[in-house]
Each structure stands twice: as structure tokens, then as C-alpha cells.
Amino acid sequence: MQYQKCPICSSSSQFIFNSKHKKSIYECSNIICGHLFTPIEKETQGICERATNIEDESDEFLRIYNERNIRLLKLFNKRLAKNSLPVKLLDFGAGNAHISRSIKKKLGDKCVIYCIESNPICFDLYSKYQLTQIKRIEDLKEKVDLIYMIEVIEHLEDPITTLKNLSSKLTQGGFIFLSTPLGKSEESSTIAYDTKSHLHFFTERSLNLALKKAGLLEIKYQFFPQMYPLPEKWPLLLNYARITKSFLKKLLGSLGSKNRVSHLVGFTKKID
């Protein structure tokens, strides 16, 4: 029997299956955690693959998701309403930055948006859209009102340390918004294993345990329709030539009812 140490609670974890991407999946034995993960075998294992022309990818994602992103901004604004201007935001794991582009276009000089991304193909992208690139959390010299990390935490080698470092950059009353696919012990019952660069497959328990260890409040999980495009955008998605079958499965599988959780989504902030 193969065992590994759980990266969230350090309990022993047992091998349960090999995923479709030939990754060994382990499950934590601790009932208050139950985290699922794959061992890290190389340094860049968590970096998401991107299109060769990242600017074209960003434009296409903006075309598809701009309306969704504006609804997401409205959700953020409910918590940012009392903040002094300009509002300071951090897009952690910015990727092709389509979310930050939508927000910057809408708010203009009323916001400053910092972007952190591990994939070097994105490094020259952000300044073209008045977004400020920083390479590491430590390089951020001021506090921010909001950090959004959407479909990012599952790619991190050390999620707890990263969350601790991020929380130190929040203003008083600042918050983090995050989302991640729900991890389950049966591959066919979740879309969490569809992406090759995922390292972690969080359960409700293991994500909240990670947040608590990082000095952050637990998330009260709920369904956020602001996370998903409206149905009239689906034809546009279907016509997107570079979208793979797994991406479509990921998107459409996310549009479940409020009673069927496919993603863990919510707000957290530092424990007072």
C-alpha cells in the first residue's frame, strides 16, 4: 500500500487511483480533512498550459466572459462600496487576465490592479491593459482591498503558506474571493481531475482547514451565479475553436443547481 503525507494536515494519506492524466491520487485519512492531492514530481507541475499567442487568448476569453466578469465585479462591489478610491485589487494567478481587463475597463482610474502569474508566457501582457505586474507576493509594497484567486489554489505547491502570505497583504477589512473545483474520491463524479496541472482536489473540509491554518475565516459555501456565463453566451463558447472537450465539460458541469456543489466558492478574510 502506498502512502504520502497530507499537504494540508500532515496526516497519512493513502493512494486511491491513477487519474486520466496518469497522476497518482491520494486521499487524507483524517476525517476532519479528507484532502485529495497528487504528489509534486517537478517544479512546474502546477503551471497551467496556455495558448502560444496569449494576447489572442486573452481577447477571446474577454469576448466570452466580459458580461460574466462585470456581474462578478458587482458582487465584489458590495464589499468594496465603503473603500476609498482608488480601490486596490490583486489578481493572483492572473493567467490571460480577462477578469482584470474587464474590471479595469469598467472602473478605470478608480482602481489599481496588480497581477501575479507563474507562467512566463504572460509576463509582457499585463502592462498593455494598464495592469501592474508583480512577480512575487513579497514584491507588493502596499495593502490591497480585494484578492481574487479564481481556479488557482488547486495549482499551488504550498497553498497554506501562500494564503498566509496573501492575507498579510490585505487592508483592514480586506477580503479574498476564491473558487476551486470540488474534490471527490471518484474521478467520474467531479471535473477536478480534468486539468493536468491540478495538484490539489479540495473537499469542503480541507479547504476550510487550510484557510484556518492560514489565519483566515472559514468559507460559507454557496452557489454564486456570477461565476458563470449566461445561457445566451453558450453558442459563443461552442464556436470557440480552441475550447477542448474537457473545458466544455468543466464549464457546463459547473452550472448545477444550488443543491449540487461542483465548485467551492466564497469570501474569506483575516481572523480578527
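In this report, the structure presented in the accompanying data block is examined. (Residues numbered from 1 in each chain as written. Predicted model: local features only at pLDDT ≥ 70, side-chain atom pairs only at ≥ 80, totals over all residues. Heavy atoms only, no water.)

Some details on the overall build of the protein chain
Short version of the rule: Here a helix means four or more residues in a row that DSSP labels H or I, a strand means two or more in a row labelled E, and each is numbered from the N terminus. Here the term buried applies to any residue with accessible area under 20% of the maximum for its type, exposed to any over 50%, and partly exposed to those in between, with areas from a 1.4 Å probe on protein chains only. A contact between two residues is defined here by any heavy atoms of the two lying within 4.5 Å. Here the open area of atoms and residues is found with the Shrake-Rupley method and a 1.4 Å probe, where only the protein chains shown may cover a residue.
When helices and strands are counted, the protein chain shows 6 helices and 11 strands. A buried classification covers 53% of the 272 residues belonging to the protein chain. Considering only contacts in the protein chain between residues 6 or more positions apart, those separated by 24 or more positions represent 71%. For the protein chain, the computed accessible surface area is about 13600 Å², with 50% contributed by carbon and sulfur atoms.

A word on the nonpolar core
Rule in force here: Side-chain atoms within 4.5 Å link the members of a nonpolar core, which is a set of buried Ala, Val, Leu, Ile, Met, Phe, Trp, Tyr and Cys residues.
Leu-90, Phe-92, Met-149 and Leu-163 are the most contacted members of the largest nonpolar core, which has 34 residues in total. Only strand S5 (87-92), strand S6 (111-116), strand S8 (144-150), helix H3 (159-167), strand S9 (170-181) and helix H4 (204-213) provide two or more residues apiece to this core. Top contributing element to this core by residue count: H4, with 4 residues. When near neighbours in sequence (up to four residues on either side) are disregarded, Met-149 contacts Phe-92, Leu-156, Leu-163, Leu-166, Ile-176, Phe-177, Leu-178 and Ser-179.

Describing helix H1 (residues 54-80)
Put simply, the rule reads: Any helix carries an expected span of 1.5 Å times its number of residues minus one. Throughout, bend refers to the angle between the axes fitted to the seven residues that end at a position and the seven residues that start at it. In protein, a polar contact means a hydrogen-donor-capable atom and an acceptor-capable atom, both N or O and within 3.5 Å, with residues adjacent in sequence counting only if both atoms are side-chain atoms; elsewhere, any N or O pair within 3.5 Å suffices.
Between the first and last C-alpha of H1 there are merely 30 Å, a value that for 27 residues lags more than 12% behind the 39 Å anticipated at 1.5 Å per step. When the local axis directions of H1 are compared, the greatest deviation, roughly 65°, occurs at Tyr-65. One side-chain oxygen of the residue at the start of H1 lies 3.2 Å from the amide nitrogen of Glu-55, identifying that residue as Asn-53.

Some thoughts on the environment of Glu-154
Turning to its location among the elements, Glu-154 is positioned in the loop between S8 and H3. Using a relative accessible area of 1% as the deciding quantity, one classes Glu-154 as buried. With 44 residues separating them along the chain, Glu-154 and His-198 place their C-alpha atoms 5.4 Å apart. What Glu-154 contacts, discounting residues up to four positions off in sequence, is Ser-179, Thr-180, Pro-181, Ser-197, His-198, Leu-199, His-200 and Phe-202.

Topic: the sheet that holds strand S7 (residues 132-133)
To keep it simple, the criterion reads: Strand pairing requires that DSSP identify at least two bridges connecting the strands. For every element, the axis is a line fit to its C-alpha atoms; helices are fit only across the contacting stretch, and the angle between N-to-C directions ranges from 0 to 180 degrees.
Spatially, the 6 strands line up as an open sheet ordered S7-S6-S5-S8-S9-S11, and their pairing is mixed. The sheet terminates laterally at S7 and strand S11 (263-268), the two strands that pair on one side only. As judged from the 6 bridges shared by S5 and S6, these two strands associate in the parallel manner. Bridge pairing in S6 links Leu-89 to Ile-113. Against the sheet, H1 makes contact with S5, S8, S9 and S11, and its axis sits at roughly 150° relative to S9, the strand it touches most.

Section: the pattern of salt bridges
Formally: Salt bridge, as used here, is a side-chain nitrogen of Lys or Arg placed within 4 Å of a carboxyl oxygen of Asp or Glu.
By the definition in use, this model includes 7 salt bridges. With a shortest N-O distance of 3.1 Å, Glu-57 and Arg-50 are connected by a salt bridge. A salt bridge links Asp-59 to Arg-101, with the nearest nitrogen and oxygen atoms 2.9 Å apart. Of this pair, Asp-59 sits in helix H1 while Arg-101 sits in helix H2 (residues 98-107), and the two are 42 residues apart along the sequence. For Arg-101, a relative accessible area of 12% translates into the label buried.

A word on H3
For clarity, the cut-off: Our arc is simply the arc of the directions from the helix axis toward the C-beta atoms.
Taken together, the buried positions of H3 are Pro-159, Ile-160, Thr-162, Leu-163, Leu-166 and Ser-167. Considered in projection along H3, the buried side chains sweep an arc of 160° and stay on one side of the axis. On the buried face of H3, the contacting elements are S5, S8, S9, strand S10 (200-201) and H4.

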